[in-house]
Amino acid sequence: MSEYSFSDYSKDANITACYPTNRAVEYCTLGIVGEAGEIANKYKKILRGDNPMDDNQRLELAKEIGDVLWYADRLSVELG
């Protein structure tokens, strides 16, 4: 099995990138903030007791972390 590098991830993320190129930095920055906010909101609900910290909640948090990673990658590319 071959290793999947961050460079590979970045190439794959580029395939799904669809945003206004003239506002790419702003778009990606706001995307990171929005997705990080979703992580915080989901975890807040866990702390409040709305949802138990179970495998389902861990998966939901992991999905949001993946979204943050996608935006961070795209922002790093846009910044050169």
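Here the structure is shown first, and the text comes after it.
Summarised in this report is the structure supplied together with it.

Calculation rules
Residues numbered from 1 in each chain as written. Predicted model: local features only at pLDDT ≥ 70, side-chain atom pairs only at ≥ 80, totals over all residues. Heavy atoms only, no water. Helix = DSSP H or I, 4+ residues; strand = E, 2+ residues; numbered from the N terminus. Rg over C-alpha atoms; globule rule 2.2 N^0.38 Å. Buried < 20%, exposed > 50% of the residue type's maximum accessible area, 1.4 Å probe, protein only. Arc of directions from axis to C-beta. Expected span 1.5 Å × (residues − 1). Contact = heavy atoms within 4.5 Å. Polar contact = N/O pair within 3.5 Å; in protein donor to acceptor, adjacent residues only side chain to side chain.

Secondary structure summary: the protein contains three helices and zero strands in total. Reading the secondary structure of the protein in the N-to-C direction produces α-α-α. At 15 Å, the protein has a C-alpha radius of gyration far larger than the 12 Å of a compact globule built from 80 residues. By residue count, 21% of the 80 residues in the protein fall in the buried class.

Looking now at helix 1 (residues 6-16). Of all the positions in helix 1, only Tyr9, Ser10 and Ala13 are classed as buried. End-on, the buried residues of helix 1 take up no more than an arc of 100°, which puts them together on one face. Of the exposed residues in helix 1, those oriented more than 90 degrees away from the buried face are Lys11 and Ile15.

Take helix 3 (residues 55-78) next. Helix length check: helix 3 (24 residues) gives 35 Å between terminal C-alpha atoms against 34 Å at 1.5 Å per residue, within 8%. Buried residues of helix 3: Gln57, Leu61, Glu64, Trp70, Tyr71, Asp73, Arg74 and Leu75, and no others. The inward-facing, buried residues of helix 3 abut helix 1 and helix 2 (24-48). Its side-chain oxygen 3.2 Å from the backbone nitrogen of Asn56, Asp54 forms the N-cap of helix 3. Just downstream of helix 3, Gly80 is the residue with a positive phi angle, here 85°.

Topologically, Pro52 is positioned in the loop between helix 2 and helix 3. Residue class for Pro52 comes out exposed when judged on its relative accessible area of 55%. Note: C-alpha distance between Pro52 and Ile15 (37 residues apart in sequence) is 35 Å.

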